[in-house]
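# Reading the structure
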Amino acid sequence: LDLLLGYAGLLSFGHAAFWGGSAYVAGLVSIELGLPFPVAALVGALFAMALALPIGLLSAKRSGIYFAMVTLAFAQMLFFIVNQWRGLTGGENGLQSVPVNFFGIEAVEDEAFYFYYAALPIILAGMWFAWRVVHSPFGRVLVATRDNPARARALGYDVERYRVAVFVISAGLAGLAGGLFAISHGFVSLQEVAWQTSGKVVLITVLGGIGTLWGAIVGAVV
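Residue numbers restart at each chain and count upward from 1, following the sequence in its written direction. With the structure being a predicted model, the display of local features is reserved for residues of pLDDT at least 70 and the display and counting of side-chain atom pairs for 80 or more, all residues being used for whole-chain, interface and lining totals. With hydrogens and water stripped out, all remaining heavy atoms of the structure feed into the side-chain values.

### A look at the side chain of Asn83
By secondary structure assignment, the location of Asn83 is in helix α4 (residues 64–84). Judged by its relative accessible area of 11%, Asn83 falls in the buried class. In this description, contact between two residues means that some pair of their heavy atoms is separated by no more than 4.5 Å. In this view, Asn83 contacts Gly91, Glu92 and Leu190; residues no more than four positions away in its chain are not counted. Helix and strand definitions follow DSSP, with helices as H or I runs of at least four residues and strands as E runs of at least two, each counted in order from the N terminus. Think of it in three bands: with a 1.4 Å probe and only protein chains considered, a residue is buried below 20% of the maximum accessible area for its type, exposed above 50%, and partly exposed in between.

Written as structure tokens, this is what we have:
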């Protein structure tokens, strides 16, 4: 979320759609196909990015509270779809017994300990990617579109296209985390796609310090 809020100046109240949507997809492919959890998390992240593209295209021309409300509306749509599609998602019961599969290797130690160190490189790669995005020319343009979108347009930058791009990237990272969350807990519930989850991640980002990336870790601890 900090990529979107801190560097593009766009407040999203719909990130639970990407976090939770990816959690359900990662859980489903783990249960039905038995995919290794890094692959399942990646599939969830790709789903989140695919979901974010049309939402971003429809909301990129908005800003401020209007952008937040549009993203919240789409997230609530996904919440009701997940709740009603009980045959696939389990409805109020959620997805249960999501397996942890690591390329067919059985955990020989405590499962939580095993999963933590198996998933840590994926988390670090995601953090590195976010850092690389904001320290690239793309990231510099994002800051320009946040601070003065009119001047960015005058310089020839397509502000809406940059906003859509960072929206999709942000959704992909949220989806990667959501997929890992689902597999690590072995359970996915409606809470993952609820608006309260979107609000929680906004509070985490703001408390830790927007526009820092590392501030989200501090905010999560707080």
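### Things to note about the pattern of salt bridges
By definition, a salt bridge exists where a carboxyl oxygen of Asp or Glu is found within 4 Å of a side-chain nitrogen of Lys or Arg. Using the criterion set out here, one finds 3 salt bridges in the structure. One salt bridge connects Arg153 with Glu160, and the closest N-O pair in it is separated by 2.7 Å. A salt bridge links Arg161 to Asp158, with the shortest nitrogen-to-oxygen separation between them at 3.8 Å. For Arg161, a relative accessible area of 61% translates into the label exposed.

### Structural notes on unusual backbone geometry
Keep in mind that most residues, glycine aside, have a negative phi and that most peptide bonds are trans. Positive phi values are uncommon outside glycine, yet Ser97 reaches one of about 60 degrees. By relative accessible area, Ser97 is classed as exposed at 64%. At Leu213, a residue that is not glycine, the phi angle is positive and equals roughly 70 degrees. Within the secondary structure, Leu213 is located in the loop between α10 (195–208) and α11 (215–221).

### Notes on helix α3 (residues 37–59)
Because the α-helix completes a turn every 3.6 residues, residues three or four places apart line up on one side. In a helix, the anticipated span is given by 1.5 Å times the number of residues less one. Helix length check: α3 (23 residues) gives 32 Å between terminal C-alpha atoms against 33 Å at 1.5 Å per residue, within 8%. We define the bend at any residue as the angle between the axes fitted to the seven residues before and including it, ending there, and the seven starting there. Helix geometry: α3 is bent most strongly at Leu53, by close to 30 degrees, with proline Pro54 lying one to four residues after it.

### Some details on α10
The first and last C-alpha atoms of α10 sit 20 Å apart over 14 residues, in line with the 20 Å expected at 1.5 Å per residue. Those residues of α10 that fall on the buried side of the exposure criterion are Thr197, Ser198, Gly199, Val202, Thr205 and Gly208. If you follow the buried residues of α10, they end up packed against α1 (2–8), α2 (15–33) and α11. Two residues or fewer past α10, Gly209 is found with a positive phi of approximately 115 degrees.

### Some thoughts on a nonpolar patch on the surface
A patch consists of residues exposed above 30% relative accessible area that lack any salt bridge, with like charges linked at up to 9 Å and nonpolar side chains (Val, Leu, Ile, Met, Phe, Trp, Tyr) linked at up to 5 Å. Only the protein chains shown count as cover for residues, with accessible areas throughout obtained via the Shrake-Rupley method and a probe of 1.4 Å. Taken together, the side chains of Ile123, Leu124, Met127, Leu203, Leu207, Trp214, Ile217, Val218, Val221 and Val222 present a nonpolar region at the surface, about 1,000 Å² in accessible area. Among the secondary structure elements, those contributing two or more residues to the nonpolar patch are α6 (111–134), α10 and α11. Residue position: Leu124 is located in helix α6.

### Things to note about the packing of aromatic side chains
Aromatic rings from Phe, Tyr and Trp, taking only the six-membered ring of Trp, are treated as a pair when their centres fall within 6.5 Å; an angle between ring planes under 30 degrees marks them as stacked, one over 60 as edge-to-face, and anything in between as tilted. Per the counting criterion, the structure on display carries 7 aromatic pairs. Between Phe67 and Phe167, the aromatic rings sit 5.8 Å apart at their centres with planes inclined by 90 degrees, giving edge-to-face as the arrangement. Taken as a pair, Phe67 in helix α4 and Phe167 in helix α9 (residues 159–185) lie far apart in primary sequence, 100 residues in all. For the pair formed by Phe67 and Phe167, the shared burial category is buried. Members of the aromatic cluster, each reached through a chain of ring pairs, are Phe18, Phe67 and Phe167.

### Description of the environment of Gly14
Relative to the helices and strands, Gly14 is located in the loop between α1 and α2. Beyond its immediate stretch of four places on either side in the chain, Gly14 contacts Thr71, Leu72, Ala75 and Ser198.

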